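Topology and contacts: notes
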Amino acid sequence: MWPHIRQSLLHTLENIETFHKPFASNSRQLGFLSAAVGVFIGMIVFFIVAFLNGSSDKLEEAGSLTVTTFAEGITCGVHIMVLASAFIAARMLKSGEPAATQFGPGDLQPEGRKFFNPGIVITLILYAAYEFLRLLTYANEESFSYNTIYSIAVHSWVLSVVFNAFEAVTAIMTVLVVMKSAGRKINDSGRPALFAASTILFFWIKLIQVLVSLTTAMVTTPFLALMPNETLAYLFSGGITVLIYVSAMIPCAAIAASAAVTAIDMQFDLETQARQ
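Here we summarise the structure given alongside this text.

So, how was this worked out
- Residues numbered from 1 in each chain as written.
- Predicted model: local features only at pLDDT ≥ 70, side-chain atom pairs only at ≥ 80, totals over all residues.
- Heavy atoms only, no water.
- Helix = DSSP H or I, 4+ residues; strand = E, 2+ residues; numbered from the N terminus.
- Buried < 20%, exposed > 50% of the residue type's maximum accessible area, 1.4 Å probe, protein only.
- Contact = heavy atoms within 4.5 Å.
- Areas by Shrake-Rupley, 256 points an atom, 1.4 Å probe, with all protein chains shown as cover.
- Phe/Tyr/Trp six-rings, centres within 6.5 Å; stacked < 30°, edge-to-face > 60°.
- Axes fitted to C-alpha atoms, helices over the stretch in contact; angles between N-to-C directions.
- Parallel < 35°, antiparallel > 145°, perpendicular 65-115°, else oblique.
- Left-handed = near helix turned anticlockwise from the far one by under 90°.
- Nonpolar A, V, L, I, M, F, W, Y, C, P; charged D, E, K, R; others polar.
- Salt bridge = Lys/Arg side-chain N within 4 Å of Asp/Glu carboxyl O.
- Patch = residues over 30% accessible without salt bridge, like charges linked within 9 Å, V, L, I, M, F, W, Y side chains within 5 Å.

Overview of the overall build of the chain
Broken down by element type, the chain carries nine helices and zero strands. Sequence-ordered secondary structure for the chain, helices as α and strands as β, is α-α-α-α-α-α-α-α-α. The burial tally for the chain puts 48% of its 276 residues in the buried class. For the chain, contacts bridging at least 24 residues in sequence account for 81% of all contacts bridging at least 6. Element-wise, carbon and sulfur atoms account for 67% of the exposed surface of the chain, whose accessible area totals about 13,900 Å².

Here you go:
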């Protein structure tokens, strides 16, 4: 497995070196646009889940329904941004394609577009499941102490598993969309390439989260006390989070694009071994 990851990392670095400067401006525009759309969708999904879960009234009574909805919408928005990086990755694989035009679904081939919409749907389903479990804790926190089978510890573990599945599926679907758009088959050479790039992208997302947490703790939090109200504080914190993810879009795209090239390398190796 390590040789596949090493190949994917090498192609990732090559993509970043080649495309970082020419793609930087348009990638930022795509990042902010996809974040805005993703946050809006995430807020709608969260509000629906909160309403069905019966937590909306409690959040409203606490005066935090709007703020919480926005904060949770950011979680959805940044993952939609990662999926949108597939547009940049598809352009990277088009040799010599200029970056003068905006990135968008038109950069994907029809086969890739077929997988993009299901990827969004699956990601939103897992996001909704994650938010449902979070709100379940909020709405039924006292009942966990009386339940010896499904305790708060077990619930926290389930919540962690669902959130990691949410991120893993985001990474896998992003890479899969790019590979399908590039015409790569998920066969003996495609599967290891898909798994290697998805693994790298998953841990890259985790690394971004660590950076967001450190920035929030060291930079953002001291400014929050200066904000006149809680809403502005969350807007400021959310803006910082989006900026960090926007700056990470080209590496996300470079990782996804590396899978298509790695699949070719592996196919060549398999054919060489077969002839020997």
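Picking up where we left off.
A look at the packing of aromatic side chains
Here the structure, examined in full by the defined rule, presents seven aromatic pairs. Seen in terms of ring centroids, Y127 and F166 are 6.0 Å apart; in terms of plane orientation they differ by 40°. Their pairing is tilted. Residue Y127 is located in helix α4 (residues 110-139), and its partner F166 is located in helix α6 (residues 152-181); the two are separated by 39 residues in the primary sequence. Neither residue differs from the other here; Y127 and F166 are each classed as buried. Clustering of aromatic rings is evident, with ring pairs tying together Y127, Y130, F163 and F166.

What to know about the packing of helix α3 (residues 65-92) against α6
Packed helix pairs are characterised by how far apart their axes lie and by the angle those axes make with each other. Packing of α3 against α6 brings their axes to within 8 Å, and their N-to-C directions diverge by 20°. Accordingly, the angle class assigned to the pair α3 and α6 is roughly parallel. Crossing angle aside, the handedness with which α3 passes α6 is right-handed. Only F163, F166, E167, T170, M173, T174, V177, V178 and S181 of α6 make contact with α3, whose side of the interface consists of T75, H79, V82, L83, S85, A86, A89 and A90. For the contact of α3 with α6, the per-class residue count stands at ten nonpolar, six polar and one charged.

Here we look at the pattern of salt bridges
All chains considered together, the criterion is met by six salt bridges. Here K94 ties to D107 by a salt bridge, and the two come within 3.9 Å at their closest N and O atoms. In this pair, K94 is assigned in the loop between α3 and α4 and D107 in the loop between α3 and α4, connecting sequence segments 13 residues apart. The partner of E111 in a salt bridge is K114, with the nearest N and O atoms 3.8 Å apart. Pair noted here: E111 and K114 are both in helix α4, with a separation of three residues, about one helical turn. E111 gets classed as partly exposed once you look at its relative accessible area, which sits at 33%. Looking at K114, the relative accessible area reads 56%, which means it is exposed. Through salt bridges with shared partners, a single ionic network connects E72, E131 and R134.

Things to note about a nonpolar patch on the surface
A cluster of nonpolar side chains, L207, V210, L214, M218, V219, F223 and L226, forms an exposed patch at the surface whose accessible area comes to about 720 Å². Mapped onto the elements, F223 comes out in helix α7 (residues 190-224). For F223, a relative accessible area of 42% gives the class partly exposed.

Quick notes on the environment of T66
Looking at the element boundaries, T66 is found in helix α3. For the pair T66 and M43, spaced 23 residues apart in sequence, the C-alpha separation works out to 9.0 Å.

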